[in-house]
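One letter stands for each residue in the lines below.
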Amino acid sequence: MSSLGSQLRAGLLGLAVGDALGVPVEFQSRAARKTDPVVHMRAYGTHNQPAGTWSDDASLTFCLAEAIADEFTVGKAAEYSRRWFYEKLWTPRGSVFDIGITTREALNRLHVDPNLILAGGTDEYSNGNGALMRILPLAFYQADAPLQARFQLIREVSAITHGHIRSAVACFLYLEMVRHLLAGLSPAAAYSQVCQHAPVQLHELNIPAAEANQFERVLSGRLPNISQTGIDSGGYVLHTLEASLWCLLRYTTYADTVLAAVNLGDDTDTTGAVTGGLAGIYYGEAAIPSEWLAVLARRPDIEALAARTAAVVSRSSE
Ligand SMILES: [Mg+2]
């Protein structure tokens, strides 16, 4: 397998495992995790699913990867996302049991109007983490395109469900981090690169100062020094971005990193998924505990998807 192929596979598996670790305790508080931390792949709990069941985060990530494998257009990514909710495409066990409000509204709009693609709400309160949680595969598609083109694509894929600029910027910064990890940098070095270059990039992209300022803390270079009480883990996109980077920068194994994310509480599956994508890519598939992979829903299908997607992206980068 090419190194790109193994990185993509580790990213998808790492994301799905992080999601599945969080599913049984989604919506439970950080205080609950302090007394009863997640340390292994649990079953049942919040959504009453068997162990290893991932949710909307991984489903929509797989839909995006599938669109990339299948002559990518943004419209195809939108269509596959719609088919997840309405036709159970890329569900772990044939049902949809978890979906965010903004995502559901956007997919409803796509369902009603077949010509619609960028269906996401554009108001400031439509800034949940529903685009960030599924954006990872874009790190492998047109990754060498110029900044403006790269951002435009990220913005459109975000806007399938989340049309506000803040969601697009959060996705962009996350994918910048992934780009550096794919290039072989350590998390600390990757974070340092992002902090150094992002302010200029956001300026070049004409991101309004008031929006760029929202990312001041995450780009301060001091994120890993913040204590856990300063890290929020609810559904707001900026909080999920911060929490995922904080976990990646504070811990030194795949397992410790994703468990730290899940044990922040609240939006545990999405924080676990977003963190797990980063940690999977950095530490590699062999670092993911085999007992977690052994129970992961549809593991062979995920591996086949990774291979299909990797074949397309490595062909297009030759
Ligand atoms: Mg979920």
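The following paragraphs examine the structure supplied in this document. (Residues numbered from 1 in each chain as written. Predicted model: local features only at pLDDT ≥ 70, side-chain atom pairs only at ≥ 80, totals over all residues. Heavy atoms only, no water.)

1. What about helix H10 (residues 237-250)?
Its 14 residues place the ends of H10 20 Å apart at the C-alpha level, agreeing with the 20 Å of an ideal helix rising 1.5 Å per residue. When you tally the buried positions in H10, you get twelve out of 14 residues, the bulk of the element. Residues of H10 that are buried include every one of Val237, Leu238, Thr240, Leu241, Glu242, Ala243, Ser244, Leu245, Trp246, Cys247, Leu248 and Leu249, and no others. Those residues of H10 that are buried are in contact with helix H7 (165-182), helix H8 (187-204), helix H11 (254-262) and helix H12 (268-283). (Helix = DSSP H or I, 4+ residues; strand = E, 2+ residues; numbered from the N terminus. Expected span 1.5 Å × (residues − 1). Buried < 20%, exposed > 50% of the residue type's maximum accessible area, 1.4 Å probe, protein only. Contact = heavy atoms within 4.5 Å.)

2. Some words on the pattern of salt bridges
Summed over all chains, the structure comprises 17 salt bridges. Between Glu242 and Arg217 there is a salt bridge, and its shortest N-O distance comes to 2.6 Å. Here the residue Glu242 occupies a position in helix H10, and Arg217 occupies one in the loop between helix H9 (209-212) and H10, the gap between them amounting to 25 residues. Residue classification places Glu242 among the buried positions, given a relative accessible area of 5%. Notably, a salt bridge pairs Arg299 with Glu285, separated by 4.0 Å at the nearest N-O pair. One end of the pair, Arg299, is in helix H14 (residues 299-316); the other, Glu285, is in the loop between H12 and helix H13 (290-295), with 14 residues separating them in the sequence. Taking the relative accessible area as the measure of exposure, Arg299 reaches 26% and is therefore partly exposed. By sharing partners, the salt bridges in this structure join Arg9, Glu285, Arg299 and Glu303 into a single network. (Salt bridge = Lys/Arg side-chain N within 4 Å of Asp/Glu carboxyl O.)

3. Details of empty space enclosed by the protein
What the rule picks out here adds up to two cavities of 30 Å³ or more. Put simply, the largest cavity is a space of about 90 Å³. Contributing to the lining of the largest cavity are Leu138, Ala139, Tyr141, Gln142, Ala143, Arg150, Leu153, Ile154, Leu175, Glu176 and Arg179. Looking at the lining of the largest cavity, the elements with two or more residues in it are helix H6 (147-159) and H7. Its boundaries defined by the atoms lining it, the second largest cavity holds a volume of some 50 Å³. Together, Leu173, Met177, Tyr191, Val194, Val218, Leu219, Leu241 and Leu245 line the second largest cavity. (1 Å grid on protein atoms, 1.4 Å probe; cavity = no way out; pocket = protein on both sides within 12 Å on 5 of 7 lines; lining within 4 Å. Points joined across faces, edges and corners; volume = space filled by probe spheres on them.)

4. Some remarks on the coordination of the magnesium ion
Every protein donor of the magnesium ion is accounted for by Ser55 (OG), Asp56 (OD), Asp57 (OD), Asp98 (OD) and Asp269 (OD), and the metal-donor separations fall at 1.9 to 2.4 Å. Read from N- to C-terminus, the donor residues coordinating the magnesium ion fall into the pattern S-D-D-x40-D-x170-D. Of the two residues, Ser55 sits in the loop between helix H2 (30-35) and helix H3 (56-69) while Asp98 sits in the loop between helix H4 (74-87) and helix H5 (101-112), which places them 43 residues apart along the sequence. This pair shows no difference in class: Ser55 is buried, exactly as Asp98 is. (Donors = N, O, S within 2.8 Å, 3.2 Å for Na, K, Ca; no water.)

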